[in-house]
Amino acid sequence: MTATTPIQDLSPSDAKVELARLADLLAQANAAYHTADAPDISDADYDALKRRNAEIEAQFPDLKRADSPSEQVGAAPAEGFSKVAHAVAMLSLANAFDDADIAEFDQRIRKYLGLGVDAPLNYTAEPKIDGLSLSLRYEQGELVQAATRGDGAIGENVTANARTIDDIPQRLSGAPDILEVRGEVYMSHPDFEQLNVRQGEAGQKTFANPRNAAAGSLRQLDASITRARPLRFFAYAWGALSDPLSDTQSGAIAQLKSLGFQTNPLTALCNGTDEMIAHYREIEQRRASLGYDIDGVVYKVDDLALQGRLGFRSTTPRWAIAHKFPAELAWTRLEAIDIQVGRTGALSPVARLTPVTVGGVVVSNATLHNEDYIAGRDNKGEAIRDGKDIRVGDWVQVYRAGDVIPKVADVDMSKRPEDAVPFQMPTHCPQCGSDAVREPGDAVRRCTGGLICPAQAVEKLKHFVGRAAFDIDGLGAKQVEQFHADGWIKEPADIFTLRERYGTGMQQLKNREGWGEKSASNLFDAIDVSRQVALGRVIFALGIRHVGDAAANLLAIHYGTWEVFSTAMRRAEEGNDAWEDLLSIDGVGGVMAKSLATTFNQDAEIASIDRLVAHLDIEDAKRPDADGSPVAGKTVVFTGTLEKMTRAEAKARAEALGAKVSGSVSAKTDLLVAGPGAGSKAKKAADLGIETLDEDGWLDLIGAS
Ligand code: IVH
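Every value quoted in this text rests on a predicted model; they were computed, and no experiment measured them.

### Brief notes about the layout of surface pockets
Each pocket or cavity is described by its volume, and for the second largest pocket that value is around 780 Å³. Surrounding the second largest pocket, 28 residues form its lining, T344, R446, R545, T598 and Q602 being those nearest its centre. Among the elements of the structure, β18 (446–447), α13 (454–464) and α22 (590–599) are those that each provide at least two residues to the lining of the second largest pocket. Top element by residues in the lining of the second largest pocket is α22. It accounts for five residues. Here the lining of the second largest pocket is built from residues that sort into nine nonpolar, ten polar and nine charged.

Now the structure itself:
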């Protein structure tokens, strides 16, 4: 018997062996896909294995295994970890790519803090470790919990696994009563290579790079597997703290080191951007001989009081930035250009490449952005790649920076085949045949099919069930695609009637290929659980152009409830008060506002949104840190000159305390903060009887004086 023996030729004992083999292979593929961030077989191969398994089971029903892959939906391993809500969110870092970005970072900080260009300002500079971040919680010096970053707010509890890592102390002496130490779990180059050799010898899967190996090793349900993997840990930050570690970043890192953590020896204190960039160059030079992967240098404002004043944007601190190393490059052949249709109808050309290894990862696709990019022009019509266009058959240079989709950097004209022709963007949607039009000023051609275009509908659905959106256990991109193809789900609202339609009756989910009694009932339950959902997730899940998850959360916090949000969006029209209010949100610009207003003005969209919302129980959004804040929920207006902080800082701090900052005084204003030179706003506030404070009064009120 071989893996391709026709099913009718299998003896019962062959079938039993074959079912065991398939169960193994599918379990391995599931683990790679859902947990190890690294699918190891193609979707088509996966489906073929699953089909063969189902066919053998149909032929030999008595041999169906207790752990039959037909009964499993997939993501089981990730479900095995309990969830941990981070006491202090685990944020990511903004990126910089060249020296000019660093100069801008420094200028932005000086401007925000009101510091002159020559005022001394220290930064720490340290390698950006390419691993995965981990938060370690110590109470009275005992390690009590370890959690991955997850979505920043909620991570996975990996305490048992973290306890197996030598670099992580189990007990600290002289530490604050509560101390959350944060840093990066990584694997060294020699350890990674030896692990792959061992995995290969044992017939187990090997890892594409040390980062994947570290992630796959830490996120093991069985901690004894983690123990056998050579993981290391560098500490570089902290979360909740009962007492400050120091008054500087560098002091705090030194303190972590004296408590017994590994801290990176290439951490330096730099005064100003010249010293920062000099240290970057030094680290870049030593990169190849460090023995572990790094992908840039992180700069942080050293003074922790200044860090506190600078605070955070929605997902990144204002006081830090990651200066990334230039991307890695490789040459390969462009075999074809395919067109993908996204959820907003954008036609995106994708390069299909002869697979090539770039910086340790096999690349076979690259983004080509849009037709101008392929033709060798940027969005202002200026030449890129010296004006060289990209044609099927060309030799192209591809690059990848970090985890982003690879891009094409250059074309080798000397190798261009004689019969290569310029690329023509289709003028019709390849999925639904509708006209694909390019509006003036838009670089992208879009399908006009809207809700009738199956590609847009599927992409919208996939977005809807994505991790930052509804994130329903057992309902991933693959399942949504299949349900859509069979007409079971046409729009998000249909997800919430699946139980009603396919839980009982003629056609039932449990009878579908790949599903069973248990997986079907688990899915219905998971869908029910997801009906209760945070406002920000709903706004993001709608998949409105230009509204990412950070913006969706800003909108949620600003409007508070679905009713207030949706009423405001339906009313918003360029120039009216709802429009101005929308634009007053720090982080919402004209383009996003327009996209929101347009969406909430289309009857078909509104009807589809209303059908969805009828199934949901949407939680109101709470402003961050609003508990106990004296200004939570209040509308504050600043006017006149502020002397102790810039206007940007005043606004950001008020918002961080849960206040809403408005530009104009109205009956809705709760508080006016007036500095010297306040004019008409102060008068209007007095006329309306609104409480007015000077800057010191405000600082007293928020406990910052
Ligand atoms: S500081 C609030 N320092 O990079 C800022 N992060 O791209 C917390 N990382 O999620 C992060 N080396 O996993 C910081 N020396 C370093 C780092 C570092 C690696 C990772 C970390 C973070 C990601 C952001």
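### Comments concerning unusual backbone geometry
The backbone of R385 sits at a positive phi, close to 45°, despite the residue not being glycine. Position of R385 among the secondary structure elements: in the loop between α12 (371–375) and β15 (395–400). One non-glycine residue, H546, lies in the positive phi region at around 70°. Residue placement: H546 occurs in the loop between α18 (535–541) and α19 (549–559). H546 gets classed as partly exposed once you look at its relative accessible area, which sits at 43%.

### Considering the nonpolar core
Ranked by internal contacts, the top residues of the largest apolar core, which has 57 residues, are L555, W562 and L582. When neighbours within four sequence positions are excluded, W562 is seen to be in contact with L535, V538, L542, F600, I609, V613 and I618. Grouped together as the second largest cluster of nonpolar side chains are 33 residues, F81, F207, A213 and L231 included.

### Things to note about the site of the ligand
Neighbouring residues of the ligand: L91, L93, E126, P127, K128, I129, S133, E184, Y236, V298, K300 and P317. Between P127 and the ligand, the recorded distance is 3.2 Å, taken from a backbone N or O atom to a nitrogen atom. Between the ligand and the protein, one listed contact pairs an oxygen atom with a side-chain N or O atom of S133 at 3.4 Å. Coverage of the ligand by the protein chains reaches 86% of its 530 Å² of free accessible surface. Only β3 (122–129) and β10 (294–301) provide two or more residues apiece to the shell around the ligand. Of all the elements, β3 adds the most residues to the shell around the ligand, at four residues.

### Observations concerning a negative patch on the surface
A surface patch of negative charge is lined by E563, D617, E619 and D620. Mapped onto the fold, D620 is located in the loop between β20 (617–619) and β21 (635–639).

### Let's talk about the sheet that holds strand β24 (residues 691–693)
Strand order in the open sheet made by the four strands is β22-β21-β23-β24, with parallel pairing throughout. The sheet is open, and its two borders are formed by β22 (660–662) and β24, each paired with just one other strand. Averaged over all pairs of adjacent strands, the angle between strand axes in this sheet comes to 30°, irrespective of strand direction. Inspection of the sheet shows β21 paired to β22 by three bridges, in the parallel sense. For V637, the partnering residue across the bridge sits in β22 and is S662. The strands touched by helix α25 (residues 680–688) within the sheet are β21, β23 (671–674) and β24, with β23 carrying the most contacts at an inclination of about 145°.

### Overview of the sheet that holds strand β2 (residues 95–96)
Taken in spatial order, the five strands line up as β2-β11-β10-β3-β9 in an open sheet, and their pairing is mixed. Unpaired on one side and paired on the other, β2 and β9 (268–271) mark the two borders of the sheet. In this structure, β3 lies alongside β9, joined through four bridges in antiparallel fashion. Bridging across to β9, N122 finds its partner in N271. Along the sheet face, helix α10 (residues 273–286) touches β3, β9, β10 and β11 (320–324) and points at about 145° away from the line of β9.

### Overview of the environment of L461
The topology assignment puts L461 in helix α13. By relative accessible area, which is 0% here, L461 ends up buried. Placed 19 residues apart in sequence, L461 and V480 show a C-alpha to C-alpha distance of 6.8 Å. Non-local contacts of L461, meaning those with residues more than four positions away in its chain, are made with V480, H484, I489, K490, E491 and P492.

### Considering the packing of helix α6 (residues 189–201) against helix α7 (residues 210–218)
One way to put it is that α6 packs onto α7 with a least axis distance of 10 Å and a crossing angle of 70°. For the element pair α6 / α7, the angle class is roughly perpendicular. Facing H189, F192 and L195 of α6, the residues of α7 in contact are P210, A213 and S217.

### Some points on α19
Residues that lie three or four places apart on an α-helix share one face, since the helix turns once every 3.6 residues. If you check which residues of α19 are buried, you get A551, A552, L555, A556, H558 and Y559. Angular distribution of buried residues about the axis of α19 spans 165°; they occupy a single face of the element. Phi for G560, located one or two positions after α19, is positive at around 80°.

### Regarding empty space enclosed by the protein
To find leftover empty space, a probe the size of one water molecule is rolled over the atoms. A full pass over the atoms with the stated rule returns one cavity of 30 Å³ or more. If you add up the space inside the largest cavity, you get close to 40 Å³. The wall of the largest cavity is formed by E126, P127, I129, F234, A235, Y236, I253, T263, N264 and T267. Contributing elements (two or more residues each) for the lining of the largest cavity: β3 and β8 (232–241).

### Some words on the confidence of the model for the protein
Of all residues in the protein, 95% have pLDDT values of 70 or greater, and the mean over the chain is 91. Counted against residues more than four places away or in other chains, residues 73–78, with its pLDDT under 50, gives 13 contacts.

### Comments concerning the pattern of salt bridges
For the structure on display, the rule yields 43 salt bridges. The salt bridge involving R416 is made with D394; its shortest N-O contact spans 2.8 Å. Note that R416 is positioned in the loop between β16 (407–411) and β17 (436–437) and D394 in the loop between α12 and β15, a separation of 22 residues in sequence. Residue R416 is classed as buried on the basis of its relative accessible area of 17%. Judged by relative accessible area, D394 falls into the buried class, the value being 0%. Between E491 and R611 there is a salt bridge, and its shortest N-O distance comes to 2.6 Å. Taken together, the positions of E491 in the loop between α14 (477–485) and α15 (492–495) and R611 in helix α23 (residues 603–613) put the pair 120 residues apart, joining distant regions of the chain. The exposure class of E491 is buried, given its relative accessible area of 13%. Shared partners join several salt bridges into a network, and the residues in it are E371, D372, R377, R438 and R445.

### Focus: the pairing of β10
In terms of residue burial, β10 counts as a mostly covered element, since eight of its eight residues are buried. The pairing of β3 with β10 spans seven bridges and is classified as antiparallel. From the neighbouring strand, Y123 faces β10, where its bridge partner is V301. Two elements, β10 and β11, share five bridges in a ladder whose sense is antiparallel. Note on β11: the bridge partner recorded for V297 is H323.

The rules behind these values
- Residues numbered from 1 in each chain as written.
- Predicted model: local features only at pLDDT ≥ 70, side-chain atom pairs only at ≥ 80, totals over all residues.
- Heavy atoms only, no water.
- 1 Å grid on protein atoms, 1.4 Å probe; cavity = no way out; pocket = protein on both sides within 12 Å on 5 of 7 lines; lining within 4 Å.
- Points joined across faces, edges and corners; volume = space filled by probe spheres on them.
- Helix = DSSP H or I, 4+ residues; strand = E, 2+ residues; numbered from the N terminus.
- Nonpolar A, V, L, I, M, F, W, Y, C, P; charged D, E, K, R; others polar.
- Buried < 20%, exposed > 50% of the residue type's maximum accessible area, 1.4 Å probe, protein only.
- Core = buried A, V, L, I, M, F, W, Y, C linked by side-chain atoms within 4.5 Å.
- Contact = heavy atoms within 4.5 Å.
- Near = heavy atom within 4 Å.
- Polar contact = N/O pair within 3.5 Å; in protein donor to acceptor, adjacent residues only side chain to side chain.
- Areas by Shrake-Rupley, 256 points an atom, 1.4 Å probe, with all protein chains shown as cover.
- Patch = residues over 30% accessible without salt bridge, like charges linked within 9 Å, V, L, I, M, F, W, Y side chains within 5 Å.
- Salt bridge = Lys/Arg side-chain N within 4 Å of Asp/Glu carboxyl O.
- Lys, Arg positive; Asp, Glu negative; His and termini not counted.
- Charge placed at Lys NZ, Arg CZ, Asp CG, Glu CD.
- Pairing = 2+ DSSP bridges.
- Axes fitted to C-alpha atoms, helices over the stretch in contact; angles between N-to-C directions.
- Parallel < 35°, antiparallel > 145°, perpendicular 65-115°, else oblique.
- Arc of directions from axis to C-beta.
- pLDDT = per-residue confidence, 0-100.

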